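# Tertiary structure, described
This is what each chain is made of:
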Amino acid sequence: MKVKKVMAFGLVAALALGAFGLTGCGTKAADSGSTGTTETAEAELTGTINIEGSDTLVNLSTAWSQEFMTENPGVMIAVKGGGSGTGIASLINKTVDYANASRKMKDEETEQAKANGVTPVEHTVARDGIAVIAHPSNAVADLTIEQIGKIYRGEIKNWKEVGGADKAIVILSRDSSSGTYEYFKEEVVGKDKNYASSAKLLPSTQAIVDETAANDGAIGYVGVGYVAPSIKVLKVEGVAASVESVLDGTYKISRGLYMYSNGEVSGAMKSFLDWILSPAGQKVVEDEGFVPVQ
Amino acid sequence: MTVNPTDMAGRHLGRATRRRAAEAVVRSLVYGAGLLSIVILAAIAVFLFIEARRGMTEVGLGTMLTSTAWFPTGTPKIFGFVPLIVGSLLVTAVALVVFVPIGIGAAVFISEFSAGWFKEAMKSVIEFMAAVPSVVYGFLGVAVLIPLVKDTFGLTSGMTALTGGIVLGVMSLPTVISISEDALHAVPDALRQGSLALGNTRWQTVYKVVVPSASSGIFAGVMLGLGRAIGETMAVLMLTGNAAVIPGSVFESVRTMTGTIAAEMGEVVFGGLHYSVLFGVGLVLFGITFAINLAADLVLERQRKRWRR
């Protein structure tokens, strides 16, 4: 009898809590906009900055925010991943302050933003060199962009056609949603061309590194930060991928990494962006395996 | 203090009324909770349909279901579900080949040939298998199965429908074993005793009497395992290579519906055409799993009726 009563009460309580939880959700989004406040130069910087977007940029953003928060204890920065599209959608819906993106905003997104009263402003915060990689035993050392394009379009199917052993080429690529995939398609595969449908689309850059290390027929592309001793980096047009060669422009396959804000920034948001572009912030870029903007 | 009998009766009456009222409240809450799950399911279907509508009008449902190429961000953009549906079905078929014999075999062993603490231990282990996160299965597949498949069959790459299917089969085992074991357990002992009394051996009793009697329950277990396999995402994403081709054999890479949604959703333009088409993929997947679960339910119901007679 008593047990039953307790159970009934528990059930009622659980249901009530559930209902409360459901209604509670709706009220949160409104107040998460920028609260960065400008103080006098000497006063301590305060504010909250919400960042969301590209998974490529998550670690870099976190490293930036940790260092910035140590220097400015009054500033609270929260970084979330989820993908470039997710971040940009949140910026359009005004629920984040900065959207991280490993690709430029698309026209459709810019239109959506305008319709919603958001003016996206692009800030290039780092660059990423894209290294073309193969199995360490592969005899091929150097490819032209033309050859890489042909391989990825499926026109060259065997390593012997580019001076290697008689072995079928296994094409590895990032998923069609990744910023890297789109950049590589535009710059290497060709603007009006598609990847070979036999290309294997892997869910992460690390998966490409792992599969290339294990498969002697594989070719892949990864950010220079992911290059490991277990794989061989192919030269592109005679130039090896490195921070220096991307910086001086001799290495051709590199892309920008962006942060988008709603309109020009001020207060804590501006200080954070300025710090990112300063030598201290750009040193973090190099530490994380990316290429600084200057 | 003096208490007269009429007062006592009144208080009893009051308590009874209160109890009845409380019961009514709880009953309506429980009723509401039951109804809520139906409402949620309907809401999911409606939501999927609304989000997929743009894709269905702009690309066309017919084109989506018949086009054989998937280039969602290519030029031109091609949204063909055929490679994805075939990919999902092929991986699931491989899983079926893995989990049907092993799952039913294990269930028969646990129910008919084991007893005591060993039986309980087996059941716990199998329940634990269901609790292992799918990403862990995927991880093991990447580390162990991909190189193994590549070397065993002399392939150019170990990321194949076979690799994904084997892991999915293992992941579906707990579902199949638990439900089949329940069905075997529910077979009345009188049937076993009758069979043994007629001179059948234990093995003959199992495959001529017990398994056929539990067949619809076992079938339901297989169907639910199938639903689990076709809906699984993370492991297949990590193991099948995700090339959107119509595979000629299980030794080729495939791209599944679930993998496509998971991999592409984070980066698409929200509310855009690609976004909407992904909801279309979700709708197809929802339809397939709904049909599988419905079939399993109908079969289970048939079995319940049979034993009630």
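About the thresholds
- Residues numbered from 1 in each chain as written.
- Chains lettered and ligands numbered in written order.
- Predicted model: local features only at pLDDT ≥ 70, side-chain atom pairs only at ≥ 80, totals over all residues.
- Helix = DSSP H or I, 4+ residues; strand = E, 2+ residues; numbered from the N terminus.
- Buried ≥ 20, exposed ≤ 12 C-beta atoms within 10 Å, placed from the backbone.
- Contact = placed C-beta atoms within 7 Å.
- Axes fitted to C-alpha atoms, helices over the stretch in contact; angles between N-to-C directions.
- Parallel < 35°, antiparallel > 145°, perpendicular 65-115°, else oblique.
- Left-handed = near helix turned anticlockwise from the far one by under 90°.
- Nonpolar A, V, L, I, M, F, W, Y, C, P; charged D, E, K, R; others polar.
- Core = buried A, V, L, I, M, F, W, Y, C linked by C-beta atoms within 7 Å.
- Pairing = 2+ DSSP bridges.
- pLDDT = per-residue confidence, 0-100.

## A few points about the overall build of chain A
Counting its secondary structure elements, chain A contains 10 helices and 10 strands. When the 294 residues of chain A are sorted by exposure, 44% land in the buried category. Counting only contacts in chain A whose residues sit at least 6 apart along the sequence, the fraction spanning at least 24 positions is 72%.

## Re the interface of chain B and chain A
Each partner contributes to the interface: chain B provides 32 residues, whereas chain A provides 37 residues. For the side of chain B that touches chain A, the elements supplying multiple residues, two or more each, are helix H1 (5–66), helix H4 (134–153), helix H9 (234–239) and helix H10 (257–265) of chain B.

## Concerning the packing of H4 of chain B against helix H5 (residues 161–185) of chain B
Packed helix pairs are characterised by how far apart their axes lie and by the angle those axes make with each other. Residues and elements named next belong to chain B. The contact between H4 and H5 brings their axes to 10 Å, and the two run at 140°. Viewed along their axes, H4 and H5 adopt a mutual orientation that is oblique. Two packed elements cross with a definite hand, and for H4 against H5 that hand is right-handed. Residue-level contacts link Ser134, Tyr137, Gly141, Leu145, Ile146 and Val149 of H4 to Leu162, Thr163, Ile166, Val167, Val170 and Met171 of H5. Broken down by class, the residue content of the contact of H4 with H5 amounts to nine nonpolar, three polar and no charged.

## Considerations on the packing of helix H3 (residues 116–131) of chain B against H5 of chain B
All names here are of chain B. At a closest axis distance of 8 Å, the pairing of H3 and H5 adopts a crossing angle of 140°. Classed by the angle they form, the pair H3 and H5 counts as oblique. Considering the relative orientation of H3 and H5, their crossing is left-handed. Across from Ile126, Glu127, Met129 and Ala130 in H3, the residues of H5 making contact are Leu173, Pro174, Ile177 and Ser178. Classifying every residue of the contact of H3 with H5 gives six nonpolar, one polar and one charged.

## Some remarks on the nonpolar core
Core analysis: the largest hydrophobic core is formed by 148 residues, its most contacted members being Val132, Tyr152, Ile171 and Tyr260 of chain A together with Val94 and Val167 of chain B. The element best represented in this core is H5 of chain B, accounting for 13 residues. If near-sequence neighbours (up to four positions away) are discounted, Ile171 of chain A is found in contact with Ile151, Tyr152, Ala196, Ser198, Ala199, Lys200 and Ile219 of chain A.

## Re unusual backbone geometry
Negative phi values dominate among residues other than glycine, just as trans dominates among peptide bonds. The phi torsion at Glu237 of chain A lies on the positive side, around 55°, for a residue other than glycine. The class of Glu237 of chain A is partly exposed, set by 15 C-beta atoms lying within 10 Å.

## Structural notes on the pairing of strand E8 (residues 218–223) of chain A
Every other side chain in a regular strand lies on the same face of the sheet, so the side chains alternate between the two faces. Residues and elements named next belong to chain A. For E8, a buried count of six out of six residues is recorded, marking the element as mostly surrounded by other parts of the structure. By the bridge criterion, five bridges tie strand E4 (residues 120–134) to E8 in an arrangement that is antiparallel. What sits directly across from Ile133, in E8, is Gly220. Relative to E8, strand E6 (residues 170–174) runs parallel, the two sharing two bridges. Paired with Val170 across the strands is Ala218, a residue of E8.

## Focus: helix H7 (residues 205–214) of chain A
Those residues of H7 of chain A not exposed but buried are Ala207, Ile208, Val209, Glu211 and Thr212 of chain A. The inward-facing, buried residues of H7 of chain A abut E4, E6, strand E7 (200–202) and E8 of chain A together with H9 of chain B.

## Focus on the environment of Gly60 of chain B
Residue and element names in this part refer to chain B. Inspection of the secondary structure puts Gly60 in helix H1. The partly exposed category is assigned to Gly60, around which 13 C-beta atoms lie within 10 Å. C-alpha separation for the pair Gly60 and Val277, spaced 217 residues apart in sequence, amounts to 10.0 Å.

## Section: the confidence of the model for chain B
Averaged over every residue, the pLDDT of chain B is 88; residues scoring 70 or more account for 94%. Confidence estimates for the predicted assembly give a pTM of 0.76 and an ipTM of 0.71.

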